[in-house]
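Observations on chain architecture
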Amino acid sequence: MTTTPSSDPRIEAVAARLREAAQERAEAYGPPPIWKRPRKPKAAREKKAELAKQRKRLKAAGIRRFYGAQSRRPRPRQNRIGSAAARRDARAVSRIRHSNAWL
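Residues numbered from 1 in each chain as written. Predicted model: local features only at pLDDT ≥ 70, side-chain atom pairs only at ≥ 80, totals over all residues. Heavy atoms only, no water.

**Notes on the overall build of the protein**
Per the secondary structure count, the protein includes 3 helices and 0 strands. Along its sequence from the N terminus, the protein presents helices and strands in the succession α-α-α. Within the protein, the proportion of its 103 residues that are buried is 2%. For the protein, the accessible surface area stands at approximately 11000 Å², while carbon and sulfur atoms represent 58% of it. (Helix = DSSP H or I, 4+ residues; strand = E, 2+ residues; numbered from the N terminus. Buried < 20%, exposed > 50% of the residue type's maximum accessible area, 1.4 Å probe, protein only. Areas by Shrake-Rupley, 256 points an atom, 1.4 Å probe, with all protein chains shown as cover.)

Written as structure tokens, this is what we have:
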């Protein structure tokens, strides 16, 4: 068996005073900061436009990333024949540098 509490006028008066005090504090502080305000729901058209914009942005980023990787890929050297002697010289110099031989 559930009973509703009797409406005591003293409790009601205290509750009313608390509500008034809370209201006064809220007015003193002003409106809540922007990050604490409740969000306004977006219309379906706005949401679709935002998602389309995001898809476009992400697709462009993917394309940029793809072509950025393409440019770093090693390409066949055209002057491989001419640079063979230079490579041999560089190899010889490197061997000398990394050895402990006295010159």
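Still to come is the rest of the account.
**Examining the packing of aromatic side chains**
Throughout the structure, instances matching the rule amount to 1 aromatic pair. Ring plane angle 75 degrees and centroid distance 5.1 Å describe the contact between F66 and Y67, whose orientation is recorded as edge-to-face. Residue class for F66 comes out partly exposed when judged on its relative accessible area of 47%. Y67 sits in the exposed class, given a relative accessible area of 55%. (Phe/Tyr/Trp six-rings, centres within 6.5 Å; stacked < 30°, edge-to-face > 60°.)

**Section: the pattern of salt bridges**
As enumerated under the stated definition, the model contains 2 salt bridges in all. Across the salt bridge formed by R10 and D8, the nearest N and O atoms sit 3.3 Å from each other. For R10, a relative accessible area of 63% translates into the label exposed. The partly exposed category is assigned to D8, whose relative accessible area is 21%. In this structure, the salt-bridge partner of K42 is E50, at a minimum N-O distance of 2.7 Å. Of the residues examined, K42 reaches a relative accessible area of 47% and is grouped as partly exposed. Looking at E50, the relative accessible area reads 44%, which means it is partly exposed. (Salt bridge = Lys/Arg side-chain N within 4 Å of Asp/Glu carboxyl O.)

**A short note on a nonpolar patch on the surface**
A surface patch of nonpolar side chains, amounting to about 340 Å² of accessible area, comprises I63, F66 and Y67. In this fold, Y67 is placed in helix α2 (residues 44-72). (Patch = residues over 30% accessible without salt bridge, like charges linked within 9 Å, V, L, I, M, F, W, Y side chains within 5 Å.)

**With respect to a positive patch on the surface**
On the surface, a cluster of positive charge is contributed by R87, R88, R91 and R95. Topologically, R95 is positioned in helix α3 (residues 84-98). (Lys, Arg positive; Asp, Glu negative; His and termini not counted. Charge placed at Lys NZ, Arg CZ, Asp CG, Glu CD.)

**Details of helix α1 (residues 9-29)**
Its 21 residues place the ends of α1 30 Å apart at the C-alpha level, agreeing with the 30 Å of an ideal helix rising 1.5 Å per residue. Positioned one or two residues after α1, G30 has a phi angle of 85 degrees, which is positive. (Expected span 1.5 Å × (residues − 1).)

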